[in-house]
Each structure stands twice: as structure tokens, then as C-alpha cells.
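For reference, the chains in residue letters:
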Amino acid sequence: AEALRFDITSRTLDAVPTIRRLREEAERIGAEAVMQAQRQMAGGRDPVEVFEHLAASLTRKLLHAPSRRLRRAGEEEDRALIEAARELFGIEDERGEHEAGDTAGDGAAASPEKP
């Protein structure tokens, strides 16, 4: 049991630098967007417009790089990356299913996992 716990902990640690970098980048983007919103509000812009712009700006900036990479994955038929993105973000395909069960590579999707 102790060896299994060590193995799981070791594998988890492999992801930590990526998680840390992802959070740092998101925090940087968020801080820049807040500073811009503060400048707009100080300039007398309508607060509702500022918040709407802030939300749209954050969405755009946070999703820009992943969206570009997913478009390229589609062009390159990289189904593994597309499925990984679906799993990471909890997104189902247009049929309401995840495609994780498509081990044959034939596009047949498995049923969604039950909780």
C-alpha cells in the first residue's frame, strides 16, 4: 500500500509544475484585465460596460492559446489532444458523449462515465 501511495504521489508531482505555470499565467492575465478595468472606471466609463468588457476580455485571453492549439489538432487529426481537452474542461461532444472509449480510432464514442 505504501509503495502504491508513493507511486501515485510521484506521478502527481509530475503535473505540479504544469499546474503552477497554468495558474501563474491565468493570474497574470487576470491582473492585467483588472488593471485595464480600473483605468476604464477611473476614466468614467459605465461600470456595467467595464464589467462586460472585463468578462469578454478574460474569456478571450484565457482561451486564445488552447483554441489555436485545438484548431491545429483538428487539422492534424490529433483526436487524443481533442479528447484530452474535452476531458480537462468537462465538455461533451455534440451527441452528449465523451469519446474516451474510442480506442480503435474509428470515431465510435463510449457512453459517458457514471458518477
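In this text the structure is predicted, and so the values were computed from the model without any measurement.

Caption draft 1: A look at a nonpolar patch on the surface. Judged by side-chain polarity, Leu88, Phe89 and Ile91 come together as a nonpolar surface patch covering roughly 350 Å² of accessible area. Within the secondary structure, Phe89 sits in helix H3 (residues 79–89). A relative accessible area of 54% means that Phe89 is categorised as exposed.

Caption draft 2: Representation of the side chain of Gln40 in the model. The topology assignment puts Gln40 in helix H1 (residues 2–42). The class of Gln40 is buried, set by a relative accessible area of 16%. Those residues in contact with Gln40 that lie beyond four places of it in its chain are Arg45, Val50 and His53.

Caption draft 3: Region of interest: unusual backbone geometry. In this model, Glu77 sits at a positive phi of 55 degrees, which is unusual for a non-glycine residue. Along the polypeptide, Glu77 turns up in the loop between helix H2 (47–75) and H3.

Caption draft 4: Spatial organisation of the pattern of salt bridges. Under the counting rule described, the total for this entry stands at 8 salt bridges. Between Arg45 and Glu49 there is a salt bridge; the shortest N-O distance is 3.4 Å. What makes Glu49 partly exposed here is its relative accessible area of 39%. Ionic contacts of the salt-bridge type, sharing partners, join the residues Arg21, Glu25, Arg28 and Glu32 into one network.

Caption draft 5: How the structure looks around the environment of Ala31. Summarising the element assignment, Ala31 is placed in helix H1. Along the chain, Ala31 and Leu58 lie 27 residues apart, while their C-alpha atoms are 10.0 Å from each other.

Caption draft 6: Fine view of H2. The end-to-end C-alpha distance of H2 is 41 Å, a good match for the 42 Å that 29 residues give at a rise of 1.5 Å each. Where H2 bends most, at His64, the angle is about 45 degrees, and the proline Pro66 comes one to four residues later. Every buried residue belonging to H2 is among Val50, Leu54, Ser57 and Ala73, and all of these are buried. Positioned one or two residues after H2, Glu77 has a phi angle of 55 degrees, which is positive.

What counts and how
- The written sequence of each chain sets the order in which its residues are numbered from 1.
- Under the rules for a predicted model, residues below a pLDDT of 70 receive no local features and side-chain atom pairs below 80 are neither given nor counted, while totals for whole chains, interfaces and linings still include all residues.
- To obtain the side-chain values, all non-hydrogen atoms of the structure were included, while hydrogens and water were left out.
- Note that patches include only residues with greater than 30% relative accessible area and no salt bridge, and the join distances are 9 Å for like charges and 5 Å for nonpolar side chains (Val, Leu, Ile, Met, Phe, Trp, Tyr).
- For the area figures, the Shrake-Rupley method with a 1.4 Å probe applies, and any residue is considered shielded solely by the protein chains shown.
- Salt bridge, as used here, is a side-chain nitrogen of Lys or Arg placed within 4 Å of a carboxyl oxygen of Asp or Glu.
- What counts as a helix is a DSSP run of H or I of at least four residues, what counts as a strand is a run of E of at least two, and both are numbered from the N terminus.
- For the exposure calls, accessible area comes from a 1.4 Å probe over protein chains only, and a residue counts as buried if that area is under 20% of its type's maximum, exposed if over 50%, partly exposed in between.
- The contact criterion used throughout is that any non-hydrogen atoms of two residues lie within 4.5 Å.
- Residue count minus one, scaled by 1.5 Å, sets the expected span of a helix.
- Bend angle per residue: angle between axes fitted to the 7 residues ending at that residue and the 7 residues starting there.

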